Amino acid sequence: MNAPSKLEAAIRAATAHGRPALIPFLPAGYPNKDRFWTELAALDAHGADVIEIGVPFSDPVADGPVVEAASLECLDAGVTLAWIMTELKARAAAGTAPKAPLVLMGYANPFLQYGLQALAADAASAGVAGIIIPDLPYEERGPFLEALSAAGVDLIPLIGLNTSPERMQLYARNARGFVYLVSVMGVTGERDTLPEPVKAQLAVARSLFPVPVALGFGISRPEQLKNLPADAAIFGSALIRHIKQGGDAAGFMARWQ
Amino acid sequence: MTTSAPLRAGWFGEFGGQFVPELLMPPLKELEEAYATIAATPAFQAELAELLTDYVGRPTSIYLCRTLSKELGFNLWLKREDLAHTGAHKINNTMGQALLTKHMGKPVLMAETGAGQHGVATATAAAMLGLKCLVFMGATDVVRQAHNVRRMELLGATVHPVQSGTQTLKDAINAALRYWIAEQATTHYCIGSVVGPHPFPIIVRDFQRCIGDEMRTQFRAKIGRLPDYVVACCGGGSNAMGTFYPFIEDEGVQLVGVEAAGTGEPGCYHSATLTQGSDGVLHGTRTKLLQTEDGQIMPSHSMAPGLDYPGVGPEHAWLHATGRARYECVNDMQAMAAFNTLCRAEGIIPALESAHAVAWVLENSATLPKGCHVVVTLSGRGDKDLGIIQELQETQRKQA
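Residues numbered from 1 in each chain as written. Chains lettered and ligands numbered in written order. Predicted model: local features only at pLDDT ≥ 70, side-chain atom pairs only at ≥ 80, totals over all residues. Heavy atoms only, no water.

### Examining the overall build of chain B
For the record, the criterion: The secondary structure listing takes helices from DSSP runs of H or I that are at least 4 residues long and strands from runs of E that are at least 2 residues long, numbered from the N terminus. The atom set for the radius of gyration is the C-alpha atoms, and the globule formula is 2.2 Å times the number of residues raised to the power 0.38. Burial here depends on accessible area, computed with a 1.4 Å probe over protein chains only, as a share of the maximum for the residue type. Under 20% is buried, over 50% is exposed, and the range in between is partly exposed. In what follows, residue pairs with any heavy atoms lying within 4.5 Å of each other are defined as contacts.
Counting its regular elements, chain B contains 16 helices and 14 strands. In terms of overall size, chain B behaves like a compact globule, its C-alpha atoms giving a radius of gyration of 20 Å where 400 residues would be expected to give roughly 21 Å. Over its C-alpha atoms, taken along the principal directions, chain B stretches across nearly 55 × 50 × 40 Å. Expressed as a percentage of the 400 residues in chain B, the buried residues total 63%. In chain B, 74% of the contacts between residues at least 6 apart in sequence involve partners at least 24 apart.

As structure tokens, this is what we get:
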């Protein structure tokens with residue numbers, strides 16, 4: 001049996017303090033290959049419970065314009081999954097890796113080209129606790145789940161407002177870490193308000209999943225989570241925009257404290 | 001014997017699948033069920049058949065090239081999809097999907113388009129069946145293919161220029177998938193080729209198989225047997241799949257898909273996915289792709305806009321892997337030569353895409369047996385390409 005999930009533990013620790021866990025998302029290599037590591041450390045130092053690192057892909061169908069543009073900038077700067085793994089392993093070895101557990105978010109094809117066995121082994125040795133793959137529904141998870149779970153890396157399922165309880169139960173059967181509830185019928189990017197059905201779907205998800213439920217897509221301010229019983233909040237586009245406009249990760253995290 | 005019956009729904013050997021966000025699984029399931037329950041009924045089939053006959057102009061004719069057959073020493077036949085309404089085979093698919101959309105009760109038909117041919121065919125079907133039509137088109141293509149944008153607008157469609165990524169077909173497909181996530185309740189995504197997640201490759205192939213089905217009937221009537229070679233150009237692969245599918249179990253019939261090699265020079269951003277690509281996942285399906293070793297999708301290039309796609313239908317990847325069909329490359333110059341030959345010898349101005357298929361026959365005429373029967377699917381007419389051809393001829397004149 002696998003060791004307990006670091007991701008679940010980190011989120012439950014926030015719950016124990018009576019607050020949702022904070023999961024910022026930053027594309028690897030953004031805003032540039034050097035400063036990314038500074039911002040990553042700042043996220044870690046300023047309240048991130050889990051940190052989600054984006055693996056850039058040329059055709060990110062689940063992302064809105066902000067994340068897509070940032071990802072393409074990173075690709076132009078030469079960011080690859082191999083670079084991400086190498087840098088993370090170096091930091092893990094030097095003891096300078098973030099304390100918060102890390103999650104990689106990326107599309108199926110770059111992971112497939114890297115090789116699923118290599119991905120699982122390198123993720124484990126680079127200190128990556130989980131992987132989110134937005135274009136990998138239940139039907140296609142098999143080979144990924146097998147490789148990652150053997151290495152103790154969680155494959156985080158995504159569900160939406162149109163996911164039936166029956167499908168949630170399929171995902172729930174071998175869920176580890178947390179489940180990612182996409183809060184809008186759309187792509188990543190900030191929204192002023194979250195749709196009404198989020199609350200009900202959160203309740204269903206929390207009743208069916210043995211792991212914490214994180215809410216993501218469309219979130220930019222803590223006020224949006226009022227009255228929503230999410231175990232964790234994921235935010236990316238708002239952070240990217242904050243950095244693009246001259247801010248930094250520490251300043252952004254301050255609004256969530 | 002090879003058959004296309006997949007072991008797992010939506011898979012052709014190792015190719016196919018549904019690599020899409022979970023949010024798209026319900027509409028894909030809905031489509032799969034609607035296709036099985038609605039499209040299979042005799043009433044739907046009869047309605048579609050009537051539209052194909054009276055509106056599209058099917059069956060399209062099959063023509064034995066009088067001049068070229070004499071010169072080549074074998075029989076070169078053309079399946080005249082260029083004579084279908086809107087001037088290409090694309091209408092076979094959009095008519096089927098639009099009718100299905102109508103029966104599903106969805107008011108909006110949404111599509112991606114590269115050069116605009118599929119967009120025009122979608123706008124046409126939508127106009128005729130009273131559906132609202134939206135078309136996503138790369139911003140670069142909107143400028144390059146202004147004529148087709150105008151046609152879509154005349155037909156009542158709204159064209160959305162896509163500013164992201166490379167601003168071409170693959171980005172238009174990304175935009176269409178994103179739009180579909182948000183508007184799935186009211187909108188059907190009318191995909192333009194045998195690509196994308198299951199069940200699209202099967203649905204589009206089924207709506208295009210009229211090409212191959214008619215070919216079989218026409219050959220039996222004309223020569224009392226099936227042809228020896230069946231040739232079609234292959235970008236995403238819808239005309240080729242519709243042509244090949246009814247022949248898959250006829251082992252005596254050689255199937256040849258022709259891909260675009262671009263300029264043919266090393267390092268050219270070509271579109272020869274099957275002959276030069278590698279396995280990967282794009283737009284919801286596992287297939288052959290043009291990609292970097294890190295799995296980033298490379299921009300493709302062909303002077304034939306309809307062949308310009310960095311992926312290919314998963315069933316083609318499977319036919320390629322099993323060897324049932326062979327896939328060959330033709331470069332821009334060879335396609336241009338074939339284009340000119342067909343214009344002058346037969347009085348037919350072919351689409352540049354179709355010219356690739358004709359070019360393979362002309363380039364390989366010495367190795368094709370005397371007296372054999374070769375049929376090429378002439379997927380479209382070339383009026384749309386006059387701007388590209390004029391540019392090319394001017395470049396060649398300057399170089400000469």
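That was the structure; now back to the text.
### Considerations on the state of the cysteines
All names here are of chain B. The cut-off we apply is this: The disulfide criterion used throughout: a pair of cysteine sulfur atoms within 2.5 Å.
For the structure shown, the criterion picks out 0 disulfides over all chains. Left unpaired, Cys65 is separated from the closest cysteine sulfur, that of Cys343, by 12 Å. Looking at the unpaired Cys210, the closest cysteine sulfur is the one in Cys190, lying at 14 Å. Classification of Cys210 as buried rests on a relative accessible area of 13%.

### Comments concerning unusual backbone geometry
Following Arg58 of chain B, the chain continues into Pro59 of chain B via a peptide bond in cis, with omega recorded as -5 degrees. Tracing the backbone shows Pro59 of chain B in the loop between helix 2 (42-56) and strand 3 (62-64). Notably, Phe217 of chain A is not glycine yet its phi reads approximately 80 degrees, a positive angle. Mapped onto the secondary structure, Phe217 of chain A falls in the loop between strand 8 (213-216) and strand 9 (232-235). Although it is not a glycine, His283 of chain B sits at a positive phi angle of roughly 50 degrees. Among the secondary structure elements, His283 of chain B is positioned in the loop between strand 11 (278-282) and strand 12 (284-289).

### A closer look at the pairing of strand 2 (residues 15-19) of chain B
Residue and element names in this part refer to chain B. As a reminder of what qualifies: By definition, two strands form a pair when at least two bridges between them are found by DSSP.
The element strand 2 is extensively covered by neighbouring structure, given that 5 of its 5 residues are classed as buried. Where strand 2 meets strand 12, 2 bridges bridge the pair, whose relative direction is antiparallel. Of the residues in strand 12, the one forming a bridge with Phe19 is Gly284.

### Overview of the environment of Gly17 of chain B
Locating Gly17 of chain B in the fold gives a position in strand 2. Once the C-alpha coordinates of Gly17 of chain B and Gly323 of chain B are considered, the two residues, 306 residues apart in sequence, prove to be 21 Å apart. Beyond its immediate sequence surroundings of up to four residues, Gly17 of chain B is in contact with Glu140 of chain A together with Gly10, Trp11, Pro197, His198, Gly284 and Thr285 of chain B.

### Section: the sheet that holds strand 8 (residues 187-189) of chain B
Residues and elements named next belong to chain B. Where we set the bar: Helix axes are fitted to C-alpha atoms over the stretch in contact, other axes to C-alpha atoms as well, and angles between N-to-C directions run from 0 to 180 degrees.
Ordered by their spatial adjacency, 4 strands build an open sheet running 7-6-5-8, and the pairing between neighbours is parallel. Edge positions in the open sheet fall to strand 7 (158-162) and strand 8, since each of these has one partner strand only. Pairs of neighbouring strands in the sheet enclose a mean axial angle of 25 degrees, with direction left out of account. Running at roughly 150 degrees to strand 5 (residues 108-113), helix 4 (residues 90-104) makes contact with strand 5 and strand 8 of the sheet.

### Remarks on the packing of helix 3 (residues 65-76) of chain A against helix 10 (residues 237-244) of chain A
Residue and element names in this part refer to chain A. Using the following cut-off: The cut-offs work like this: below 35 degrees is roughly parallel, past 145 is roughly antiparallel, 65 to 115 is roughly perpendicular, and the gaps in between are oblique. Note on convention: near helix rotated counterclockwise from far helix by under a right angle means a left-handed crossing. Clockwise means right-handed.
Packing of helix 3 against helix 10 brings their axes to within 9 Å, and their N-to-C directions diverge by 60 degrees. By the angle class used here, helix 3 and helix 10 are oblique. Between helix 3 and helix 10 lies a crossing of left-handed hand. Note on element contacts: helix 10 touches helix 3 through Ser237, Ile240 and Lys244, opposite Val66, Val67, Ala70 and Glu73.

### What about the interface of chain B and chain A?
Buried accessible area, meaning the area lost when the parts come together, often serves as the stated size of an interface. Keep this limit in mind: Note: buried area is the sum, over both parts, of the accessible area (probe 1.4 Å) each one loses when the two are combined. For this analysis, a salt bridge means a side-chain nitrogen from Lys or Arg found within 4 Å of a carboxyl oxygen belonging to Asp or Glu. Any pair of nitrogen or oxygen atoms within 3.5 Å is treated as a polar contact; in protein, a donor-acceptor pairing is required on top of that, and neighbouring residues in sequence qualify only through side-chain atoms on both sides. Here the nonpolar group is Ala, Val, Leu, Ile, Met, Phe, Trp, Tyr, Cys and Pro; Asp, Glu, Lys and Arg are the charged ones; every other residue, Gly included, is treated as polar.
Each partner contributes residues to the interface: chain B has 34 residues there, and chain A has 36 residues. Across the interface of chain B and chain A, roughly 2,600 Å² is buried in total on both sides, 52% from carbon and sulfur atoms. On the chain B side of the interface with chain A, the three residues burying the most area are Glu22, Leu23 and Arg178 of chain B, jointly 26% of the side's total. Where chain B meets chain A, there are 3 salt bridges. We note a salt bridge from Glu68 of chain A to Arg178 of chain B, for which the minimum N-O separation is 3.5 Å. On the surface where chain B and chain A come into contact, there are 19 residue pairs in polar contact (both at pLDDT 80 or more). Listed by contribution, the elements that provide at least two residues to the side of chain B that touches chain A are strand 2, helix 1 (25-39), helix 8 (169-183) and strand 11 of chain B. Examining the composition of the side of chain B that touches chain A, we find that 7 residues originate from one element, helix 8 of chain B, more than from any other. Partitioning the side of chain B that touches chain A into residue classes produces 15 nonpolar, 11 polar and 8 charged.

### Re the sheet that holds strand 6 (residues 158-159) of chain A
Sheet strands line up and pair through hydrogen bonds in the backbone, either parallel or antiparallel. Residues and elements named next belong to chain A. Pairing in this open sheet of 9 strands is parallel, and the strands run 5-4-3-2-1-9-8-7-6 from one edge to the other. Pairing within the sheet leaves two strands with one partner each, and these edge strands are strand 5 (154-156) and strand 6. In this fold helix 10 packs onto strand 1 (21-27) and strand 9, with an angle of close to 55 degrees to the strand it touches most, strand 1.

### Here's the deal with the packing of aromatic side chains
Just so we agree on the cut-off: Within 6.5 Å between ring centres, the rings of Phe, Tyr and Trp (the latter by its six-membered ring) count as paired, and their orientation is classed by plane angle as stacked under 30 degrees, edge-to-face over 60, tilted in between. Distance and angle both matter: a charge sits over a ring if NZ of Lys or CZ of Arg is within 6 Å of the ring centre and within 35 degrees of the ring normal.
The tally for this structure, following the rule as stated, stands at 14 aromatic pairs over all chains. Aromatic side chains Phe136 of chain B and Tyr179 of chain B sit 5.4 Å apart centroid to centroid with 55 degrees between the ring planes, which places their arrangement in the tilted category. Taken as a pair, Phe136 of chain B in strand 6 (residues 132-138) and Tyr179 of chain B in helix 8 lie far apart in primary sequence, 43 residues in all. Between Trp180 of chain B and Tyr189 of chain B the ring centres are 6.0 Å apart and the planes differ by 65 degrees, which places this aromatic pair in the edge-to-face class. In this pair, the class of Trp180 of chain B matches that of Tyr189 of chain B, namely buried. Counting every residue linked through ring pairs, the aromatic cluster contains Phe36, Trp37 and Trp83 of chain A. Sitting above the plane of the Trp37 of chain A ring, Arg91 of chain A keeps its charged end 4.0 Å from the centroid. Positioned above the aromatic ring of Tyr245 of chain B, the side-chain terminus of Arg205 of chain B is 3.8 Å from the ring centre.

### Re the domain arrangement of chain B
Residue and element names in this part refer to chain B. Under the convention used in this document: Reported domain spans reflect what an automatic or database domain assignment gives.
As far as domains go, chain B holds domain 1 (12-52 + 90-204) and domain 2 (57-87 + 210-399). Inter-centroid distance (C-alpha atoms) of domain 1 to domain 2 is 23 Å. Counting from both sides, the interface comprises 32 residues of domain 1 and, opposite them, 35 residues of domain 2. Of the roughly 2,700 Å² buried where domain 1 meets domain 2, counting both sides, 65% is carbon and sulfur surface. Here Arg286 ties to Glu14 by a salt bridge, and the two come within 3.7 Å at their closest N and O atoms. At the junction of domain 1 with domain 2, the criterion picks out 11 residue pairs in polar contact (both at pLDDT 80 or more). Of all the elements in the fold, those that place two or more residues in the side of domain 1 that touches domain 2 are strand 2, helix 4, helix 5 (117-129), helix 8 and helix 9 (200-208). Split by residue class, the side of domain 1 that touches domain 2 holds 16 nonpolar, 12 polar and 4 charged.

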